[in-house]
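Observations on the three-dimensional arrangement
Read off the chains here:
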Amino acid sequence: MGNLTATRPLQPWTAPTATDPVTASLRLPGSKSMTNRALVLSALAAGPSTLAKPLRARDTELMAGGLRAMGAHVSIADDERWLVRPHRLVGPAHVDVGLAGTIMRFVPPVAGLAEGRVTFDGDPAARTRPLGPLIEALRSLGVRVDTPGTGSLPLAVQGTGRVTGGEVLIDASASSQLVSGLLLAAPRFDRGLVIRHVGPPVPSAPHLRMTVQMLRAAGAAVDDSTPDVWVVEPGPLSGRGWEIEPDLSGAVPFFAAALVTGGEVVLQGWPRGSAQPVERLRSLLQQMGAQVALTTEGLTVRGAGSVRGLRADLSDVSELTPALTALAMLADSPSVFTGVGHIRGHETDRLAALTREFTALGADITESADGLEIRPRPLRGGVFRTYDDHRMAHAAAVAGLAVPGIELDDVACTSKTMPEFPALWSAMVTGKS
């Protein structure tokens, strides 16, 4: 099935503490979610595509490598413009998913369209991430999936060059990616696909809306008018130029710096119309005390030097939980976050990890079945373990703005989605580029 990725050296890092209000205008890398969806749609299209301002990071490079292994021509030599030329998909091939949910859930349906055997494996922690509903869905569509475990990596897809399609039931309550993965490949299925979700609500609804929006932009006919049902008609996907937006999730720690320090942070290049949940983020930041405006310069967040506690259901924006938890630690009143029980199955069990690491720094934080309760009190410095999870590193960096001596055991995990993070963060906090 392939070897597990070798353990890389840890890169310790002390989070810089802000002595003055942060003032910064930043151009951040592109959205991982958009980049990886665009790569998949481009590999399945009828003609060539380009990706303008894509994210170059571990997750996207591994996605490009996986599609390339199956026969697609993917050129990522130019940081500003990637080129994808689709070709017949064939095995044998091996896909290294790293620790990326988008790869382990988006590429197996594509592998069903390949002719030959495609194997999947990744980092040790990737084997704990839930894949069972996707595996069963593919099998119900006639795709042969071999796995020695019960619903996780490693696995192998024995493709025949075509998937009949039809109708499938799936419980996607663990991750919206389980639906997105099927949706992205569905136009290439002979009969298209009808997906019916059965179970608790699907989390991260904005990511599903992004998938549907990008499918339609590539020429697919998708009907999502009935809740928890998606109907995709069979038909060709068009090659096109994709303009990748800046990564909103990656921007949240930087915006948090404006709140914590009473400063101002501008994210340059923000589009007027976005596939990402910018209005939801605006609302959350405003409730915590920020002023948020979309101007000609970009998306601007201003803080007043104090942070308000927040009670919120974060099920639709669960990626923001770690950074918002760090903000809540520094607030003037308690916070309660709910609707995020599914992030126990992300890069690490984020609820347990946040509770464990912030408690070690003196926090009063309690896990619930589906969220966190935070009662602010003074924190102290100390070692903060990141668990190979980029969002944990972001949380530690935010707390470090106000708490001297927070030492991350490994900041290199941020290379998953933003290799530039340590340099960008330090330059912003210190005011030295």
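Residues numbered from 1 in each chain as written. Predicted model: local features only at pLDDT ≥ 70, side-chain atom pairs only at ≥ 80, totals over all residues. Heavy atoms only, no water.

What follows concerns the overall build of the protein. From N to C terminus, the protein includes twelve helices and 23 strands. At 21 Å, the protein has a C-alpha radius of gyration in line with the 22 Å of a compact globule built from 433 residues. Principal-axis analysis of the C-alpha atoms gives the protein an extent of 60 × 45 × 45 Å. Looking at the protein residue by residue over its 433 residues, the buried ones come to 58%. Summarising the internal contacts of the protein: among those between residues at least 6 apart in sequence, 74% fall at separations of at least 24. When the 40 basic and 42 acidic side-chain charges of the protein are each reduced to a single mean position, those positions are 2 Å apart. (Helix = DSSP H or I, 4+ residues; strand = E, 2+ residues; numbered from the N terminus. Rg over C-alpha atoms; globule rule 2.2 N^0.38 Å. Buried < 20%, exposed > 50% of the residue type's maximum accessible area, 1.4 Å probe, protein only. Contact = heavy atoms within 4.5 Å. Lys, Arg positive; Asp, Glu negative; His and termini not counted. Charge placed at Lys NZ, Arg CZ, Asp CG, Glu CD.)

Further remarks concern the side chain of threonine 417. Looking at the secondary structure, you find threonine 417 in the loop between β23 (406–408) and α12 (421–430). A polar side-chain atom of threonine 417 sits 2.7 Å from a polar atom in the side chain of histidine 390. For threonine 417, the residues in contact, after removing those within four places along its chain, are Lys32, Leu55, Ala57, Asp59 and His390. (Polar contact = N/O pair within 3.5 Å; in protein donor to acceptor, adjacent residues only side chain to side chain.)

Turning to its location among the elements, leucine 113 is positioned in the loop between α3 (101–112) and β7 (115–121). Along the primary structure leucine 113 and glutamine 158 are separated by 45 residues, whereas in three dimensions their C-alpha atoms are 9.4 Å apart. With residues near it in sequence (within four places) discarded, leucine 113 still touches Leu44, Leu89, Gly161, Arg162, Val163, Ala185, Arg188 and Phe189.

This part is about the packing of helix α7 (residues 248–261) against helix α8 (residues 278–287). For any two helices packed against each other, the geometry is given by the interaxial angle and the distance between the axes. In contact at an axis separation of 12 Å, α7 and α8 are set at 20 degrees when each is read in the N-to-C sense. Our classification of the angle between α7 and α8 gives roughly parallel. Crossing geometry of α7 relative to α8 is assigned as right-handed. On the side of α7, the interface is formed by Leu248, Val252, Phe255 and Leu259, while α8 contributes Val278, Leu281 and Leu285. Residue composition of the contact of α7 with α8, grouped by class: seven nonpolar, no polar and no charged. (Axes fitted to C-alpha atoms, helices over the stretch in contact; angles between N-to-C directions. Parallel < 35°, antiparallel > 145°, perpendicular 65-115°, else oblique. Left-handed = near helix turned anticlockwise from the far one by under 90°. Nonpolar A, V, L, I, M, F, W, Y, C, P; charged D, E, K, R; others polar.)

Taken in spatial order, the four strands of this open sheet run β10-β11-β13-β12, and their pairing is mixed. Two strands bound the open sheet, and with one partner strand each, they are β10 (166–170) and β12 (222–223). With five bridges connecting them, β10 and strand β11 (residues 193–197) associate as parallel partners. For valine 168, the partnering residue across the bridge sits in β11 and is isoleucine 195. (Pairing = 2+ DSSP bridges.)

In terms of burial, helix α10 (residues 350–360) is a largely internal element, eight of the eleven residues being buried. Along α10, the residues that are buried comprise Arg350, Leu351, Ala352, Ala353, Leu354, Thr355, Glu357 and Phe358. Contact partners of the buried residues in α10: α9 (321–329), β20 (364–367), β21 (372–375), β22 (382–384) and α11 (390–400). Immediately beyond the C-terminal end of α10, within one or two residues, lies glycine 362, with a positive phi of roughly 100 degrees.

Glancing now at the pattern of salt bridges. With the rule as written, the count across this model stands at 27 salt bridges. Here arginine 196 makes a salt bridge to glutamate 167, at a shortest N to O gap of 2.5 Å. Of the two residues, arginine 196 is situated in strand β11 and glutamate 167 in strand β10; the sequence distance between them amounts to 29 residues. A residue is classified by how much of its surface remains accessible, and arginine 196, at 32% relative accessible area, is partly exposed. Given a relative accessible area of 46%, glutamate 167 falls into the partly exposed group. (Salt bridge = Lys/Arg side-chain N within 4 Å of Asp/Glu carboxyl O.)

Evaluated as defined, the whole model comprises five aromatic pairs. Between the aromatic rings of phenylalanine 254 and tryptophan 425, the centroid separation amounts to 5.3 Å while the plane-to-plane angle is 65 degrees, which identifies the pairing as edge-to-face. You can see phenylalanine 254 sitting in helix α7 and its partner tryptophan 425 sitting in helix α12, a full 171 residues away along the chain. One exposure class covers both phenylalanine 254 and tryptophan 425, and it is buried. (Phe/Tyr/Trp six-rings, centres within 6.5 Å; stacked < 30°, edge-to-face > 60°.)

The next point concerns the sheet that holds strand β15 (residues 264–268). Strand order in this open sheet of four strands is β2-β15-β17-β16, and the pairing throughout is mixed. At either margin of the open sheet sits one strand with a lone partner, and together these are β2 (23–26) and β16 (291–294). Strand-to-strand twist across the sheet, computed as the mean angle between neighbouring axes with direction ignored, equals 10 degrees. Strand contacts of α7: β2, β15 and β17 (298–302), with the helix running at about 160 degrees to β15, the strand carrying the most contacts.

By size, the foremost hydrophobic cluster in this structure holds 76 residues, and its most contacted members are Leu39, Met70, Phe120, Leu182, Leu183 and Ile195. In this structure, Trp13, Ala258, Leu310 and Met428 belong to the second largest nonpolar core, which totals 74 residues. (Core = buried A, V, L, I, M, F, W, Y, C linked by side-chain atoms within 4.5 Å.)

Let us look at the environment of tyrosine 387. Along the chain, tyrosine 387 falls in the loop between β22 and α11. Discounting chain neighbours no more than four positions away, the residues touching tyrosine 387 are Thr348, Ala353, Arg356, Glu357 and Met392. Side chain to side chain, tyrosine 387 and arginine 356 meet in a polar contact 3.0 Å long. A distance of 3.1 Å separates the side chain of tyrosine 387 from the side chain of arginine 385, its partner in a polar contact.

Before going further, it helps to examine helix α5 (residues 177–185). For α5, the buried fraction is high: nine of the nine residues fall into the buried class. Restricting attention to buried positions, one finds in α5 the residues Gln177, Leu178, Val179, Ser180, Gly181, Leu182, Leu183, Leu184 and Ala185.

Of the two faces of strand β3 (residues 49–52), the one carrying Ser49 and Leu51 and the one carrying Thr50 and Ala52 are both buried. Sheet analysis places β3 next to strand β5 (residues 81–85), joined by four bridges and oriented antiparallel. Residue pairing across strands places serine 49 opposite valine 84, the latter belonging to β5. As paired elements, β3 and strand β14 (residues 241–243) share three bridges and run parallel to each other. Residue pairing for β14: threonine 50 is matched across the bridge by glycine 241.

That is the geometry; function is a separate question.
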